[in-house]
Amino acid sequence: MKIGVLTGGGDCPGLNPAIRGVVLQAIHFGWETVGFNEGWRGLIQGLTEPLDIHKVEGLMSKGGTMLGSSRTNPYKEEGGVDKVLKNIREFGLDAVVAMGGEDTLGVANKLYSEHQVNIVGVPKTMDNDLSATDYTFGFDTAVNLAVNALEVLRDTGKSHRRIMVLEVMGRHAGWVALYTAIAGEADWVLLPEDEEVDIDKMLEHLEKVYKRRRTATVVVSEGATIPGAHLKKEELDEFGHMILKRREVGRQVVDIIEKKMKVEARVGVIGHMQRGGPPTIFDRILGVRAGVKAVDLIKEKQFGKMVALKGTEVLGVDIKDAVGKLKTVTKEWSDLALGLFK
Ligand code: F6P
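Residues numbered from 1 in each chain as written. Predicted model: local features only at pLDDT ≥ 70, side-chain atom pairs only at ≥ 80, totals over all residues. Heavy atoms only, no water.

A.B. asks: Any chance you could explain the sheet that holds strand β9 (residues 265-269) here in plain terms?
C.D. replies: Strands pair in a sheet through their backbones, by hydrogen bonds, and they do so in one of two ways: parallel or antiparallel. In spatial order, the strands read β7-β8-β6-β9; together these four strands make up an open sheet with parallel pairing. What marks the edges here is a single partner per strand, and that holds for β7 (188-190) and β9. Adjacent strand axes in the sheet meet at a mean angle of 20° when their direction is disregarded. When strand β6 (residues 163-168) meets β9, the two strands line up parallel, connected through five bridges. Bridging across to β9, Ile163 finds its partner in Ala265. Sitting on the sheet, helix α7 (residues 199-213) touches β6, β7 and β8 (216-221), and the angle it makes with β8 is about 150°. (Pairing = 2+ DSSP bridges. Helix = DSSP H or I, 4+ residues; strand = E, 2+ residues; numbered from the N terminus. Axes fitted to C-alpha atoms, helices over the stretch in contact; angles between N-to-C directions. Contact = heavy atoms within 4.5 Å.)

Next comes the structure, spelled out in structure tokens:
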């Protein structure tokens, strides 16, 4: 048996442990693994590297993905799908493991349902917005880094009697912002799930907090919509998502706070600094388990499945159940945060 593995979409900590899991479980079954570089681009262009035991040693602690990644969509490239199918045949692949988020797995789902490709998915995203799995690796590390940033900002906030705003990633889902706010004891959080965030409610609460302690912290997700704020046009990627290069939502919130409250405020934008670095133990274990399970699913010929974490179990679910609808922050979760802002 020969299996191909690729990592697509935004990188995140846990991908390297997952690759290690795939390769070591394949070795366990006496199979060969070949890595395709830069996501679906690797399968379109035949960019490969052999993956043996030497390649996966020391990988558990490494952020990013050793295979490289891209947001290439074979369905958007001229002849892209045909090239993928041809390369699967020419490289003699018996199965493909596609590691990615909604977009990468959306392609995997189509290749399975339209072309019967023997494919298994491994979910990853720091946004934790993939349906059909409780958590994705990358998220825990991102939240740990963001909480650390919030606590660092809080020191300056206290010293200078300022309100500190932390802008975190999360284009469509506010899980990183929400967990960071709860775990880091922020005083408010602004999420992309709200059609338009309630700025007056935030200001009213911050006034109360500021009177009490002469400082406060706010976490804002990069995808939050601030009423009245001027939005610059952003580019779209091959999957139709906005590329939020400017990351200016945090600054918009600072401007409003300074104008309305007459209090000094500052913003910290951590951007990609929350998406790299050594994975937390949670992400290492989830990653390596997901990689091993993906190979087990191939052995059982359970194609069209994605590895999912349900409670403490890793199991196979239909890829189609994971794509199409993002898992966004529920009212129950945002109410929990609201209840903690006192
Ligand atoms: O999809 C994960 C994510 O980190 C989003 O939170 C963020 O908006 C986006 O990727 C950034 O993408 P890029 O690395 O292409 O700028």
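Picking up where we left off.
A.B. asks: Explanation requested: α7 in the structure shown.
C.D. replies: For an α-helix, the turn length of 3.6 residues means that residues three or four places apart are oriented alike. Here α7 contains 15 residues, and its C-alpha end-to-end distance of 21 Å stays within 8% of the 21 Å for a straight helix at 1.5 Å per residue. All buried positions along α7 are accounted for by Ile199, Met202, Leu203, His205, Leu206, Val209 and Tyr210. Each element contacted by the buried residues of α7 is listed here: β6, β7, β8 and α8 (249-261). At the N-terminal boundary of α7, the capping side chain belongs to Asp198, with an oxygen 3.4 Å from the backbone nitrogen of Asp200. Note on α7: the residue one or two positions beyond its end, Arg214, has a positive phi of about 60°. (Expected span 1.5 Å × (residues − 1). Buried < 20%, exposed > 50% of the residue type's maximum accessible area, 1.4 Å probe, protein only. Polar contact = N/O pair within 3.5 Å; in protein donor to acceptor, adjacent residues only side chain to side chain.)

A.B. asks: Just checking my understanding: could you explain the environment of Gly138 for this structure?
C.D. replies: Its place among the elements puts Gly138 in the loop between β5 (119-123) and α5 (139-160). Relative accessible area serves as the criterion here: at 0%, Gly138 is assigned to the buried category. Separated by 93 residues in the primary sequence, Gly138 and Gln45 place their C-alpha atoms 27 Å from one another. In this structure Gly138 touches Cys12, Pro13, Thr125, Met126 and Asp283, once residues within four positions along its chain are discounted.

A.B. asks: Honestly, empty space enclosed by the protein in this entry has me stumped. Any pointers?
C.D. replies: Here the idea is plain: a probe the size of a water molecule rolls over the atoms and shows the empty space left. What the rule picks out here adds up to one cavity of 30 Å³ or more. Space inside the largest cavity adds up to approximately 50 Å³. Looking at the largest cavity, the residues that line it are Pro123, Thr133, Tyr135, Thr136, Phe137, Leu286, Ala290, Val307, Ala308, Leu309 and Val314. Sorting the residues of the lining of the largest cavity by element identifies α9 (281-299) and β10 (305-310) as the ones contributing at least two each. With three residues, the top contributor of residues to the lining of the largest cavity is β10. Residue composition of the lining of the largest cavity, by class: nine nonpolar, two polar and no charged. (1 Å grid on protein atoms, 1.4 Å probe; cavity = no way out; pocket = protein on both sides within 12 Å on 5 of 7 lines; lining within 4 Å. Points joined across faces, edges and corners; volume = space filled by probe spheres on them. Nonpolar A, V, L, I, M, F, W, Y, C, P; charged D, E, K, R; others polar.)

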